[in-house]
Amino acid sequence: MSTCSTVSWDLDEPVSGTAPVARTWLLLEQPGPWGAKALTASHLEPALGRALESAAKGTGVRVALIRRPGRHADRGTPTERQVYAAHTVPGNVWVRGAGLTDPRRLLGLDFAALGRGEHRTFDAALGGGPHPGDPLALVCTNGKRDRCCALLGRPLATELAASGTGGVWEVTHLGGHRFSPTVLVLPHGYVYGRVDAPAMKEILTRAQEGRVVVERCRGNSAWERPGQAAELAVRSVLGEDTAQALRVVRTDGAAPRWEVTLAHSDGRRWRVGVAHGTPGPPRPESCGASVLGSPARMEVLAVRELPTAATAAV
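On a predicted model such as this, the values are computed, not experimentally measured, just so you know.

In this structure, Leu-26, Val-83, Leu-106 and Phe-122 are the most contacted members of the largest nonpolar core, which totals 23 residues. Taken together, the elements giving at least two residues each to this core come down to strand E1 (24–29), helix H2 (46–56), strand E2 (61–67), strand E3 (81–87), strand E4 (94–100), helix H3 (111–116) and helix H4 (120–126). Leu-156, Val-185, Ile-203 and Leu-204 belong to the second-largest nonpolar core, a separate cluster that totals 21 residues.

What follows deals with the pattern of salt bridges. Within the structure shown, the criterion is met by 12 salt bridges. With a closest N to O distance of 2.4 Å, Arg-96 and Asp-123 form a salt bridge. Taken as a pair, Arg-96 in strand E4 and Asp-123 in helix H4 lie far apart in primary sequence, 27 residues in all. Take Arg-96: its relative accessible area is 12%, and that puts it in the buried class. Asp-123 sits in the buried class, given a relative accessible area of 18%. Between Asp-102 and Arg-104 there is a salt bridge, with the nearest N and O atoms lying 3.0 Å from each other. Given a relative accessible area of 25%, Asp-102 falls into the partly exposed group.

Looking at the secondary structure, you find Asp-241 in the loop between helix H7 (225–238) and strand E11 (246–254). Look at Asp-241 and you get buried, because its relative accessible area is 18%. A distance of 2.7 Å separates the side chain of Asp-241 from the side chain of Arg-211, its partner in a polar contact. Ignoring sequence-local partners within four residues, the contact set of Asp-241 consists of Arg-206, Gly-210, Arg-211, Val-212 and Arg-235.

This paragraph deals with unusual backbone geometry. For residues other than glycine, phi is negative in most cases, and the peptide bonds are mostly trans. Omega for the peptide link from Ser-180 to Pro-181 comes to -5 degrees, which places this bond in the cis form. Here Pro-181 shows up in the loop between strand E7 (168–171) and strand E8 (182–186). For the bond running from Ala-255 to Pro-256, omega is 15 degrees, close enough to zero to count as cis. By secondary structure assignment, the location of Pro-256 is in the loop between E11 and strand E12 (257–264). A positive phi angle, near 55 degrees, is found at Arg-194, a position not held by glycine. Tracing the sequence through the fold places Arg-194 in the loop between strand E9 (190–193) and helix H6 (197–208). Here the phi dihedral of Arg-216 falls at roughly 70 degrees; this positive angle occurs in a residue that is not glycine.

There is a patch of nonpolar side chains on the surface, built from Val-237, Leu-238, Val-300 and Val-303 and spanning about 270 Å² of accessible area. Every element with two or more residues in the nonpolar patch is listed here: H7 and strand E14 (297–306). Mapped onto the elements, Val-303 comes out in strand E14.

On to H2, then. If you check which residues of H2 are buried, you get Leu-48, Gly-49, Leu-52 and Ala-56. Along H2, the residues classed as buried sweep out an arc of 100 degrees about the axis, all on the same side. Check the buried side of H2 and you find it contacts E2 and H3. Gly-58 lies just past H2 and shows a positive phi near 75 degrees.

Right, let's get into the sheet that holds E9. Strand order in the open sheet formed by 10 strands is E5-E4-E3-E1-E2-E7-E6-E8-E9-E10, with mixed pairing between adjacent strands. Two strands in the sheet have a free side with no partner beyond their single neighbour: strand E5 (129–130) and strand E10 (217–220). Summarising the sheet, E1 and E3 pair through five bridges and their orientation is antiparallel. The partner of Leu-28 across the bridge, within E3, is Val-83. Sheet strands touched by H6: strand E6 (136–140), E8 and E9. Its angle to E8, the strand with the most contacts, is close to 15 degrees.

A few words on the sheet that holds strand E13 (residues 269–277). In space, the four strands of this open sheet follow the order E11-E12-E13-E14, with antiparallel pairing throughout. In this open sheet, the two edge strands, each paired with only one partner strand, are E11 and E14. When the angles between neighbouring strand axes are averaged without regard to direction, this sheet yields 25 degrees. Relative to E14, E13 runs antiparallel, the two being bridged by nine bridges. For Trp-270, the partnering residue across the bridge sits in E14 and is Glu-305.

Parameters at a glance
Residues numbered from 1 in each chain as written. Predicted model: local features only at pLDDT ≥ 70, side-chain atom pairs only at ≥ 80, totals over all residues. Heavy atoms only, no water. Core = buried A, V, L, I, M, F, W, Y, C linked by side-chain atoms within 4.5 Å. Buried < 20%, exposed > 50% of the residue type's maximum accessible area, 1.4 Å probe, protein only. Helix = DSSP H or I, 4+ residues; strand = E, 2+ residues; numbered from the N terminus. Salt bridge = Lys/Arg side-chain N within 4 Å of Asp/Glu carboxyl O. Polar contact = N/O pair within 3.5 Å; in protein donor to acceptor, adjacent residues only side chain to side chain. Contact = heavy atoms within 4.5 Å. Patch = residues over 30% accessible without salt bridge, like charges linked within 9 Å, V, L, I, M, F, W, Y side chains within 5 Å. Areas by Shrake-Rupley, 256 points an atom, 1.4 Å probe, with all protein chains shown as cover. Arc of directions from axis to C-beta. Pairing = 2+ DSSP bridges. Axes fitted to C-alpha atoms, helices over the stretch in contact; angles between N-to-C directions.

Structure follows, in structure tokens:
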């Protein structure tokens, strides 16, 4: 039987503009099995999972569970869990880490402040501090959500960890199962699809240098999907790989067409036309879907550099 990732690959479905949207990620270590909706279907107390979902709603924070690569037998409640918060908006990119024994302490966070990029609440509530290690590679592996994530994501996470690559975790859900294996890279928040171990090692090496690999990139989770596609298009035109060089400053319009304005750190600006492209043939958007769908494609129509103030004044 074909998997959703096989169908997507055969259709040559573009990955640009398909990343999950979150200005800030809150990642809690939770070993053991995960259900389809892992926050309320794992060994985490379901009431706590529901409370975290409620606290994060509308704040720009996305909560996910993580675990180390490997076998996930039930070994009981961990004595200490790792927790990370990461803000991905260029100009204020950071990752903070902490260890905690009682995950209910997460409810003491100011989620609105986290979504705005303020890490003081994380440090004060959890005794957190800067993450000093390698970039984090979060590989989507939740087979209960979609079998492609298990079939393709778990081997990738295991291979990366076995090779000595630091910062590798499994994560519950990044969306876009049909692009498996799919990986979120922090601190900068770029998401990749259809990657293998050699490609991920190159991506992580570049991330360590503060740079982005555009090939196989789904987009920066800091932006809505039209902005993701627009940013990657400008990067391709310029050959720009500095992670924090570009920022979406404005998006005008609504589906099916948008005008996205981007600013470079050197003061240059671009306006990018983005539209819903022609959808592919109806098919399941994930292996567990019982209804056929035609996922929207982000198509870049035009990239136009805007005159700078100095140029306009001449």
